[in-house]
Amino acid sequence: MPSTTRPLPRGRGGAFSARLAALLLLSLLVRPALARETGEAERLMDAPLWITESDQALASLGISVSTAGDVNGDGYSDVVVGAYLYDDGETDEGAAFLYLGSAGGPSTVAAWTATGGQAGAKFGQSVAAAGDVNGDGYDDVIVGALAYDDGETDEGRVFLYLGGPDGLSATPAWTAESDQAGAFFGLPVATAGDVNGDGYADLLVGALLYDHGESDEGAAFLYLGGPAGPGASPDWIGECNVATSYYGSSLGTAGDVNGDGYDDVIVGAPQYTDGQTFEGAAFVYSGGPAGLSDLPLWIAESDQAVAHLGAAVAGAGDVNGDGYADVVVGAPLYDDGQSNEGKAFVYLGGPLGPSATPDWSAHSGQALAQFGASVATAGDVDGDGYADVAIGVPFWDDGQTDEGGVFVYEGDASGLDVVPRWIGEGGQTSALWLQRGHRRRRGRRRLLGPPRRRLPVRQRAAERGGRLRLCGRREHPRTEPRLDGPRQPGCRGPRALPGVRRRRERRRLLRPHRRLALLRRRPPERGPGAALPRIGRGAVDDARLGSRG
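Overview of the structure. (Residues numbered from 1 in each chain as written. Predicted model: local features only at pLDDT ≥ 70, side-chain atom pairs only at ≥ 80, totals over all residues. Heavy atoms only, no water.)

A look at the packing of aromatic side chains
What characterises a pair of aromatic rings is the spacing of the ring centres plus the angle enclosed by the ring planes.
Then step 1. Scanning the model with the defined rule gives 16 aromatic pairs in all.
Then step 2. Taken together, a centroid distance of 4.9 Å and an interplanar angle of 70° make the contact between Trp 112 and Tyr 161 edge-to-face. Of this pair, Trp 112 sits in strand β5 (residues 112–115) while Tyr 161 is found in strand β8 (residues 157–161), placing the two residues 49 residues apart along the sequence.
Then step 3. A relative accessible area of 2% places Trp 112 in the buried class.
Then step 4. The structure contains a cluster of three or more aromatic residues connected by ring pairs, namely Phe 123, Tyr 148 and Phe 159. (Phe/Tyr/Trp six-rings, centres within 6.5 Å; stacked < 30°, edge-to-face > 60°. Helix = DSSP H or I, 4+ residues; strand = E, 2+ residues; numbered from the N terminus. Buried < 20%, exposed > 50% of the residue type's maximum accessible area, 1.4 Å probe, protein only.)

Here is the structure:
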């Protein structure tokens, strides 16, 4: 049983500190709130409002970051951060930390801590806001421990902590596990929104190596909320019935993509094969009074071998203000002129669900950059009433090799802009910014538009005595990412999930320093006569898709 409610230890030796994705999170979440209070124009901050570190070597704080919602009902959003290799009595047991929001931003010291309580459990590999699953008016938090053992090795377990006036509960109010060895249940976890319209938030859990007829096909599990919280057994299970698809390795709420009043969910299968090896796919399931549909409402494929479409999926919000939620999908190994440059796609919602072809796409124009390795809604960062989107590029080069970056695109009545409004960069060789579990010592951000004065900010070392340095815009001679306009033909799916591989019939999670080689493996080259990529609705035979309830 995980142990909880201890302050974050300080001064335990110094390497592998907080990932600066937390800084982006705070820029995205906090700046709009401050702007609404002060009445000033909204935009992303040029310098971080808040920084945190683990002060423990190789803890990998920041492997996962998320808003926690408002867990104590004080009107401020809170932040939850995972450190899946954190040690607190057990090696690599993992931990999750909660920082309460306030008028000045998140607290400097964690207000709540939970640890895995089992060596190698990797508790905190995934963290997420759960919403209010029991209807008590306080938001709750879900944490995954993908390598937790309880009868089966590496079966995985998830833990739900309830919010209240004093913050999160000291012990989990609910847990679930896969009861299958090596399933990696709990990678990832997410809120499903309210898929059946009963007023309670529901939960999604992925198990990317779950077997049910096919080896490593993966699965997604839905647990409905209620007055007593989620039930002991899943209310819906989705699968794709294709071996080694890693279905469920990315998932989340899609919002209401078809305007029927019920939240829908999106699930990625980055190694899905349907005509092209490991092209990948993304699936949207519609909500309704009985919960999620048995068959997908919508399917997208990349039609490009080893593109890994679906390695990252998310609800995009309503980027064009038409009243329908939209979805964003990443294909980090997609080739569009450059090998493994990556590409991201947005599909607009409508009465029939997401569009059959992407309404917007962008790619990096830089070989091996892996644009689209992470995707998310950015909320409405400029306060214009349209949702914006953030895209992660872990191996982006702009002055430093593999420094990584994140690109924010703003929405408007015609959809997303073709040029990013804001770009953040790692500023250090091999920083891999926004790639989970990798080091960075310093960073820079720049806002596109008129030149801005430099704004240096110094902070504790994130790795081996380095210093964090954040500044305003700097002009670079390199070209910006090449972008496609609206309604360009689409992409295709992901390859080996970052951080996981099979060896001698054993499943194990690779430590962060070993992920680089896995991610940088080049796919087979396609000949000059390869077919153009396409994406369509219903590209997969319904007989091969479905759910178990």
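After that view of the structure, there is still more to cover.
Remarks on the pairing of strand β18 (residues 312–317)
A regular strand places its side chains on the two faces of the sheet in alternate fashion.
Then step 1. For β18, a buried count of 5 out of 6 residues is recorded, marking the element as mostly surrounded by other parts of the structure.
Then step 2. Pairing analysis gives 5 bridges linking β18 to strand β19 (residues 326–331), with the strands arranged antiparallel. The residue bridging Ala 314 from the neighbouring strand is Val 328, located in β19. (Pairing = 2+ DSSP bridges.)

Some words on the environment of Thr 277
Then step 1. Relative to the elements of secondary structure, Thr 277 occurs in the loop between β15 (264–269) and β16 (281–285).
Then step 2. A sequence separation of 26 residues divides Thr 277 from Asp 303, and the C-alpha atoms of the two residues are 9.0 Å apart.
Then step 3. In contact with Thr 277, other than residues within four places in its own chain, are Ala 305 and Val 306. (Contact = heavy atoms within 4.5 Å.)

Remarks on the pattern of salt bridges
Then step 1. Across all of its chains, the model carries 3 salt bridges by this definition.
Then step 2. With a closest N to O distance of 2.7 Å, Arg 157 and Glu 177 form a salt bridge. Of the two residues, Arg 157 is situated in strand β8 and Glu 177 in strand β9 (residues 174–177); the sequence distance between them amounts to 20 residues.
Then step 3. Taking the relative accessible area as the measure of exposure, Arg 157 reaches 10% and is therefore buried.
Then step 4. Asp 336 is paired through a salt bridge with Lys 343; the nearest N and O atoms lie 3.0 Å apart. (Salt bridge = Lys/Arg side-chain N within 4 Å of Asp/Glu carboxyl O.)

Section: the sheet that holds strand β17 (residues 298–301)
Then step 1. On the basis of which strands lie adjacent, the open sheet formed by 4 strands has the order β14-β15-β16-β17 and antiparallel pairing. Looking at which strands have only one partner, the edges of the open sheet turn out to be β14 (250–255) and β17. Ignoring strand direction, the axes of neighbouring strands in this sheet form an average angle of 20°.
Then step 2. The pairing of β16 with β17 spans 4 bridges and is antiparallel. Directly across from Ala 282, in β17, lies its bridge partner Ala 300. (Axes fitted to C-alpha atoms, helices over the stretch in contact; angles between N-to-C directions.)

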